[in-house]
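Here's the letter readout for the chains.
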Amino acid sequence: MCAKVNMPDAGLEMDAGHSMTPGGDVKPPAVYILPAPDAPRVWGLSPAERLRRALAKLPVDRVLSQGDPWPETGTVVLLRGDVVYDDSVLDGVIARPGIAMARTAASGEEPLGAHVDAASAPAAADWLGGKGEVPQGVSRVSPETVGQAFRGRLRKRETPYCLPVAGDVRMVERRMYMGAYKGVTDAITKYVWPVPAMWATRLCVRLGLRPNAVTSVGAVLMLLALWLFWRGDYGWGLLAAWIMTFLDTVDGKLARVTMTSSPLGNVFDHGIDLVHPPFWYLAWGIGLSQVGLGLPAGSLTPLMVVIFGGYILGRLCEGYFSRRFGLEVHIWRRFDSVFRLITARRNPNMVMLTLAWLLGRPDLGLIAVAAWTVLSDGVHLVQILQAEIAKARGVRIASWLRSAT
């Protein structure tokens, strides 16, 4: 089994121990996980099982079991079965032969992993087990230098980690949970939901609930909120809607920390997120007549055209920026990330609708959503124009998070 190994760190040279196929492709390393049968579970999984699930998605030759013979050629990645590894660290270790990864602990140097040639694998295993020295010719590195701090998929910059689970398991779980949280998102998701969503995620793990089950409950609540808005029962509708948005945070975090994400679940979750918001606003507008606050005759239709058209335009702007410049508009500059906190997406709009309902003027809430949608689209169009001008001048369009401190 041979494949091209992605090299996440530019400028790294291949070590002589990394074997090559006749066609020039890099042969993926074998992986050995040091047994740790007594290691506590983290988010419902043993560290070793978590590693196996992560490695199934990475370019490795095979995972060795205890008692298997060491490979005679190629390289071997050695990892501890009682340590939780950041995805970025795993990518880095697999891509860098000739390293021994360790961190400085209270008791001294603590071995965490290695990537060595096959002949050095037994010695590296002894070193990881605390019974020997680092093999000759192997460079010592830390997790921070192996992994990438910039996480484009999660729109954040975060220090890579390796966490032994023998100590405070709750601390390890908390670190992993926050590591799975998106850095650039709306204000509610970023500042209000993290702690309660972590509690809910932990409860789901204890109950054995899977992410798709949480998404299904959210889908039912989404439809319930739609119906209640249509009837003008705004208070109950808002309650259902806010619980749905909360569960929309929980299901994603549950999938990441338990490593149970799937293509179907991803389509299910993001499909619901993409489609439902403008229909909530339509139902809200229809429900106004039920509470005696109907809009002037003939004004609901143009208002809905603005909301639906603006919603679609906003999504198209975001998609265009990603395709054209190779990154999301929300992580280009610091301003773009700050604006994502309040841009006209579901949660910020729900804040406006909730405040309007509390003030007894749900009609003004709908008008505010329409106005903010237009203004947000204007900002997106300006962002695209600025990026086009910068690109024409030869400026590289890159995320500010790559160099943020």
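Heads up: the structure comes first, above all this text.
Keep in mind that what you see is a predicted model, and the values were worked out from it rather than measured. Counting from 1, residues in each chain are numbered in the order their sequence is written. The model is predicted, so local features are restricted to residues of pLDDT at least 70 and side-chain atom pairs to those at 80 or more, both for listing and for counting; the totals for chains, interfaces and linings are taken over all residues. Side-chain descriptors were evaluated using all non-hydrogen atoms of the structure, hydrogens and water having been removed beforehand.

Enquirer: Describe the sheet that holds strand β5 (residues 99–105), with residues and values.
Expert: Here we have 6 strands laid out as an open sheet, ordered β2-β1-β3-β6-β5-β7, and mixed in their pairing. The open sheet is flanked by β2 (63–64) and β7 (139–141), the only strands paired with a single partner. Contacts are assigned to residue pairs that have any heavy atoms within 4.5 Å of one another. Every axis corresponds to a line fitted to the C-alpha atoms, with the helix fit spanning only the stretch in contact, and the corresponding angles, defined between N-to-C directions, vary from 0 to 180 degrees. For the purposes of this entry, the term helix denotes a DSSP run of H or I that reaches at least four residues, the term strand denotes a run of E that reaches at least two, and both are numbered from the N terminus. Packed onto the sheet, helix α1 (residues 47–55) meets β1 (30–34), β2 and β3 (75–80) and runs at close to 170° relative to β1. Along the sheet face, helix α3 (residues 121–128) touches β1, β3, β5 and β6 (108–117) and points at about 160° away from the line of β6. Here, a strand pair is defined by DSSP locating no fewer than two bridges between the strands.

Enquirer: Please provide a residue-by-residue account of helix α13 (residues 346–358), values included.
Expert: Here α13 is 13 residues long and its end C-alpha atoms lie 18 Å apart, about the 18 Å a rise of 1.5 Å per residue gives. Residue exposure (1.4 Å probe, protein chains only): buried if accessible area is under 20% of the type maximum, exposed if over 50%, otherwise partly exposed. The complete set of buried residues in α13 reads R346, N347, P348, N349, M350, L353, T354 and A356. Each element contacted by the buried residues of α13 is listed here: α6 (187–192), α9 (234–258), α10 (263–287) and α14 (362–392). Backbone geometry just after α13 places G360 at a positive phi near 80°. Helices are assigned an expected span. That span is 1.5 Å times one less than the residue count.

Enquirer: How would you explain the nonpolar core if you had to name every residue and give the values?
Expert: Buried Ala, Val, Leu, Ile, Met, Phe, Trp, Tyr and Cys residues that are joined via side-chain atoms within 4.5 Å together make up what is termed a nonpolar core. Residues V84, F229, W280, W284 and L366 are the most contacted members of the largest nonpolar core, which totals 49 residues. Of all the secondary structure elements, the ones that give two or more residues to this core are α5 (169–179), α7 (194–207), α8 (211–231), α9, α10, α11 (300–325), α13 and α14. In contact with L366, other than residues within four places in its own chain, are Y281, W284, G285, L288, L295, L300, L303, M304, I307 and L353. Among the nonpolar cores identified, the runner-up in size contains 22 residues, and L79, Y85, V89 and V141 belong to it.

Enquirer: Which residues make up unusual backbone geometry, and what values go with them?
Expert: Notably, R155 is not glycine yet its phi reads approximately 55°, a positive angle. Locating R155 in the fold gives a position in the loop between β8 (150–151) and β9 (156–157). With a phi close to 55°, M259 is a non-glycine residue in the positive phi region. With respect to the element layout, M259 can be found in the loop between α9 and α10. Taking the relative accessible area as the measure of exposure, M259 reaches 18% and is therefore buried.

Enquirer: Can you explain the environment of F268? Please cite residues and give values.
Expert: Here F268 is to be found in helix α10. Assessed through its relative accessible area of 30%, F268 is described here as partly exposed. Sequence separation of F268 and P47 is 221 residues, and the distance between their C-alpha atoms is 28 Å. Every residue in contact with F268, bar those within four places of it in the chain, is listed here: N212, T215, S216 and A219.

Enquirer: Quick rundown of the packing of α8 against α10? Include the residues and the values.
Expert: Closest axis-to-axis distance for the α8/α10 pair is 8 Å, and the angle between their directions is 10°. Here α8 is positioned roughly parallel relative to α10, judged by the angle of their axes. Mapping the contact onto sequence places N212, T215, S216, A219, M222, A225, L226, F229 and W230 in α8 and G265, F268, D269, I272, H276, F279, W280, A283, W284, I286 and G287 in α10. Should an angle lie under 35 degrees it is considered roughly parallel, over 145 roughly antiparallel, and from 65 to 115 roughly perpendicular; all remaining angles are considered oblique.

Enquirer: So what about the pairing of β1? Which residues, and what values?
Expert: Counting buried residues in β1 gives 5 out of 5 residues, a clear majority hidden from the surface. With burial as the criterion, each face of β1 is covered, one bearing A30, Y32 and L34 and the other bearing V31 and I33. Summarising the sheet, β1 and β3 pair through 5 bridges and their orientation is parallel. The partner of I33 across the bridge, within β3, is L79. As judged from the 2 bridges shared by β1 and β2, these two strands associate in the parallel manner. If you follow V31 over to β2, its bridge partner there is V63. For the handedness criterion, the strands are oriented away from the viewer, and a crossover whose path from the first strand over the helix to the second runs clockwise is classed as right-handed. Once the chain exits β1 it traverses α1 before rejoining the sheet at β2, and the crossover so formed is right-handed.

Enquirer: Go over the pattern of salt bridges, please, and point to the residues and values.
Expert: The rule for a salt bridge is simple: a side-chain nitrogen of Lys or Arg has to be within 4 Å of a carboxyl oxygen of Asp or Glu. Overall, the coordinates contain 18 salt bridges when judged by the stated rule. Put simply, R151 and D86 hold a salt bridge, and the shortest N to O gap is 2.5 Å. Taken together, the residues R151 in strand β8 and D86 in the loop between β4 (83–85) and α2 (87–95) connect sequence positions 65 residues apart. For the pair shown, R151 and D86 are each scored as buried. Across the pair R155 and E328 runs a salt bridge whose closest N-O atoms are separated by 3.0 Å. One end of the pair, R155, is in the loop between β8 and β9; the other, E328, is in the loop between α11 and α12 (334–340), and 173 residues separate them in sequence. Residues participating in the shared-partner salt-bridge network are R80, D82, R103 and E110.

Enquirer: Can you break down the packing of α13 against α14 residue by residue, with the values?
Expert: The geometry of α13 relative to α14 is characterised by a closest axis approach of 7 Å and an angle of 155° between their N-to-C directions. When the axis of α13 is compared with that of α14, the two are roughly antiparallel. Where α13 crosses over α14, the two elements pack in a sense that is right-handed. Residues N349, M352, L353, A356 and W357 of α13 pack against P362, L364, G365, L366, A368, V369, W372 and T373 of α14. By the convention adopted, Pro, Cys, Tyr, Trp, Phe, Met, Ile, Leu, Val and Ala count as nonpolar, Lys, Arg, Asp and Glu as charged, and the other residues, Gly among them, as polar. Taken together, the residues of the contact of α13 with α14 break down into 10 nonpolar, 3 polar and no charged. Handedness of a helix crossing follows the sense of rotation of the near helix relative to the far helix, less than a right angle counterclockwise being left-handed and clockwise being right-handed.

Enquirer: Account for the environment of R170, with residues named and values stated.
Expert: Secondary-structure assignment places R170 in helix α5. The sequence separation of R170 and V42 amounts to 128 residues, and the corresponding C-alpha distance is 8.3 Å. In this structure, R170 is in contact with R202 and R206, ignoring residues within four places of it in sequence.

Enquirer: Outline α1, supporting the account with residue identities and numerical values.
Expert: Structurally, the α-helix is built with 3.6 residues per turn, so residues lying three or four positions apart point the same way. Restricting attention to buried positions, one finds in α1 the residues P47, R50, L51, A54 and L55. All buried residues of α1 lie within an arc of 130° about the axis, which places them on one face of the element. The directions considered for the arc are those from the helix axis to the C-beta atoms.

Nothing here speaks to function; it is geometry throughout.
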